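Structure assessment
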Amino acid sequence: MKLLFTLGLLTFAGIPINCLEWWQSMSLYQIYPRSFKDSDGDGVGDLKGIEEKLPHLVNLGVDAFWISPTYPSPMIDFGYDISDFKGVDPMFGTMEDFENLIKTAQKLSLKVIMDYVPNHTSDQHEWFQKSLKNIAPYNDYYVWHPGKKLSNGTMAKPNNWLSVFGGPAWTWRDERQAYYLHQFDPAQPDLNYHNEKVVQEMKDVLVFWLEKGVNGFRVDAIPHLFENTSYLDEPLAGNTDNPETYGYLDHIYTTNQQETYEMVQQWRDVFDAFDAANGVTSVMMTEAYASPELTMKYYNYGSHFPFNFLFIENLSKSSSAGDYKNIIDSWMKDMPAGCTANWVAGNHDKPRLVSRYDENIAQAISVMLLLLPGVSVAYNGEEIGMENKWISYEDTQDPQGCNAGKENYESMSRDPERTPFQWDNTTSAGFSTNSTTWLPV
Ligand SMILES: *[C@@H]1O[C@H](CO)[C@@H](O)[C@H](O)[C@H]1NC(C)=O
Ligand SMILES: *[C@@H]1O[C@H](CO)[C@@H](O)[C@H](O)[C@H]1NC(C)=O
Ligand SMILES: *[C@@H]1O[C@H](CO)[C@@H](O)[C@H](O)[C@H]1NC(C)=O
Ligand SMILES: *[C@@H]1O[C@H](CO)[C@@H](O)[C@H](O)[C@H]1NC(C)=O
Ligand SMILES: *[C@@H]1O[C@H](CO)[C@@H](O)[C@H](O)[C@H]1NC(C)=O
Ligand SMILES: CC(=O)N[C@H]1CO[C@H](CO)[C@@H](O)[C@@H]1O
Ligand SMILES: [Ca+2]
Ligand SMILES: [Ca+2]
């Protein structure tokens, strides 16, 4: 970045580069906090560990980093099951540690971006516990359904909807004599976005962290936000015979609903109001695995950019140079005029670049990401060429792997790309003073 400024002549999409907002040409780095750096020897990474290693990001030329969730959580889905949106899990440290991390980042001119997980809470969240007890107004904070009466009189699940992690998206609770919806793990009940109180609570969460000095959010799993309340069965997708796997159905009622886009726009309005009052520019990036058309639509509904997963989804080891050119051209062509492109090659849900391709291709892709116009997004560890690690079924931690069973877990588990960062040649590769870590080094 600094080099580009001194050249002064460079332009981006016809705009002189020094007129761009800070985020429009940033090099963004994703930190998976459990695996980045353990400061206290308990075998799990933490906020103090991140703060200690920020100079590494400066050396890399990173402009901003986003941290996967550090909110209080029973860790069923390693932080994506949140029990308090306005706190820090003791495993990662304290609120003071978080505030110190922001201060240190600011001193180093690094922007801090948080993960926002709006679709669901943990089943341990106070809201869900009160919802179970039918306490107002929380009784209507989640998607409850009495079920469907079969012709022989027994009650059954409302419909055939499936969880992303496999199995039904509905779980029965005796306390409410009803089913609740969970598009992910049963321990991650979906919030009811048709309830204005929920909408307001979740906007308050954004403002809470913006006021702490956070520079923006990366919004998780957006397509799953709203469901169609006619609760009809989803049609078969026709690409697998296994009725337990998510791909069995075509998710026309549980993903990419128009109301979801409108909610993204409402969040952008929250950002814009905060920015205007505080003289800052906050960024909102959205995570959506969707068709090109539906992905691009987020640009029109207030997202600064939807993550571009074409490098992940549309390339393979055997791709030709022409295939690379095609996906790059297609994003640039599909993107609405005046918007900012972005390029993502990996994250904590996808196999490591070196394992998906090979060392040479992995290096080429990492460099390509930095040279393409707009934002580059790197997952921690890619810069040192980390590889997937084979992990036994017994040691598997990821619910998506455990749910798949011993036969199939290897194709589903995301643990292999989540192993601790390798800093040096000391104990546990310098990740921890503990020789046993939450996943093997
Ligand atoms: C070392 O890490 C393991 C695995 O996370 C943990 O069970 C153990 O308590 C840790 N040891 C210390 C001394 O914290
Ligand atoms: C009613 O029908 C359902 C679906 O065919 C079946 O699973 C269930 O066991 C039946 N219940 C009774 C009481 O026969
Ligand atoms: C829900 O699905 C029904 C049946 O396909 C459709 O008529 C209705 O417009 C949908 N509702 C919304 C809000 O999209
Ligand atoms: C990427 O793959 C998806 C799913 O196979 C396909 O719909 C889309 O057209 C592809 N895009 C490009 C640019 O190749
Ligand atoms: C560990 O790394 C240091 C610094 O690069 C080096 O001096 C030392 O020989 C290495 N130790 C081992 C056991 O490889
Ligand atoms: C890339 C990413 O952050 N994926 C997350 C999407 O949301 C689910 C549920 O919250 C998580 O399990 C994934 O890790
Ligand atoms: Ca720790
Ligand atoms: Ca939802």
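Higher on the page you've got the structure.
Description of the structure in this document. Owing to the predicted nature of the structure, the values given are computational and were not obtained by experimental measurement.

Moving on to the packing of aromatic side chains. Given two aromatic rings, one states the distance between the centres and the angle between the planes to describe the pair. Going through the model one piece at a time under the given rule, you end up with 37 aromatic pairs. Both rings, one in phenylalanine 165 and one in phenylalanine 184, keep their centres 5.6 Å apart while their planes meet at 70 degrees; by these two values the pair is edge-to-face. Of this pair, phenylalanine 165 sits in the loop between β8 (155–156) and β9 (170–173) while phenylalanine 184 sits in the loop between β10 (178–181) and α6 (196–211); the two residues are 19 residues apart in sequence, bridging distant segments of the chain. The pair formed by phenylalanine 165 and phenylalanine 184 is uniform in burial state, with each residue classed as buried. Ring geometry for phenylalanine 311 against tyrosine 324: centres 6.3 Å apart, planes inclined by 65 degrees, an arrangement best described as edge-to-face. On the criterion of sequence distance, the pair formed by phenylalanine 311 in helix α9 (residues 310–313) and tyrosine 324 in helix α10 (residues 321–334) is long-range, its members being 13 residues apart. Just above the ring of tryptophan 423 sits the side chain of lysine 53; from NZ or CZ to the centre is 4.3 Å.

It is worth spelling out the coordination of the calcium ion (ligand 7) at this point. The calcium ion (ligand 7) binds to the protein through Asp38 (OD), Asp40 (OD), Asp42 (OD), Val44 (O) and Asp46 (OD); the donor distances cover 2.3 to 2.4 Å. In the primary structure, the donors to the calcium ion (ligand 7) are separated according to the pattern D-x1-D-x1-D-x1-V-x1-D.

Attention now goes to the sheet that holds strand β5 (residues 111–116). The strand order across the open sheet built from 8 strands is β13-β12-β11-β5-β4-β3-β15-β14, with neighbouring strands paired in parallel fashion. Each edge of the sheet is formed by a strand with only one pairing partner; in this case those strands are β13 (305–306) and β14 (342–344). Two strands pair when backbone bridges link them, and strand β3 (residues 27–31) and strand β15 (residues 375–379) are joined in this way by 4 bridges, in the parallel orientation. Paired with glutamine 30 across the bridge in β15 is tyrosine 379. Along the sheet, α6 contacts β5 and β11 (216–219); its crossing angle with β5, the most-contacted strand, is approximately 160 degrees.

Okay, helix α12 (residues 359–371) next. With 13 residues, α12 should reach 18 Å at 1.5 Å per residue; the first-to-last C-alpha distance of 19 Å fits that figure. Looking at the buried side of α12, the elements it contacts are α9, α10, β14, α11 (353–356) and β15. The opening residue of α12, the one whose side-chain oxygen lies 3.0 Å from the backbone nitrogen of asparagine 360, is aspartate 358.

Okay, the environment of alanine 237 next. Looking at where alanine 237 falls in the secondary structure, it is placed in the loop between β11 and α7 (258–278). The class of alanine 237 is partly exposed, set by a relative accessible area of 33%. As a C-alpha pair, alanine 237 and leucine 249 span 12 residues in sequence and 4.6 Å in three-dimensional space. Other than its neighbours up to four places away in sequence, alanine 237 contacts Gly247, Tyr248, Leu249 and Asp250.

Within the structure shown, the criterion is met by 18 salt bridges. For the salt bridge of aspartate 220 with arginine 218, the shortest nitrogen-to-oxygen distance reads 3.2 Å. The buried category is assigned to aspartate 220, whose relative accessible area is 8%. Three or more residues are tied together by salt bridges with common partners; here these are Asp77, Asp349, Asp398, Arg414 and Arg418.

About the cut-offs
Residues numbered from 1 in each chain as written. Chains lettered and ligands numbered in written order. Predicted model: local features only at pLDDT ≥ 70, side-chain atom pairs only at ≥ 80, totals over all residues. Heavy atoms only, no water. Phe/Tyr/Trp six-rings, centres within 6.5 Å; stacked < 30°, edge-to-face > 60°. Helix = DSSP H or I, 4+ residues; strand = E, 2+ residues; numbered from the N terminus. Buried < 20%, exposed > 50% of the residue type's maximum accessible area, 1.4 Å probe, protein only. Lys NZ or Arg CZ within 6 Å of the ring centre and 35° of its normal. Donors = N, O, S within 2.8 Å, 3.2 Å for Na, K, Ca; no water. Pairing = 2+ DSSP bridges. Contact = heavy atoms within 4.5 Å. Axes fitted to C-alpha atoms, helices over the stretch in contact; angles between N-to-C directions. Expected span 1.5 Å × (residues − 1). Polar contact = N/O pair within 3.5 Å; in protein donor to acceptor, adjacent residues only side chain to side chain. Salt bridge = Lys/Arg side-chain N within 4 Å of Asp/Glu carboxyl O.

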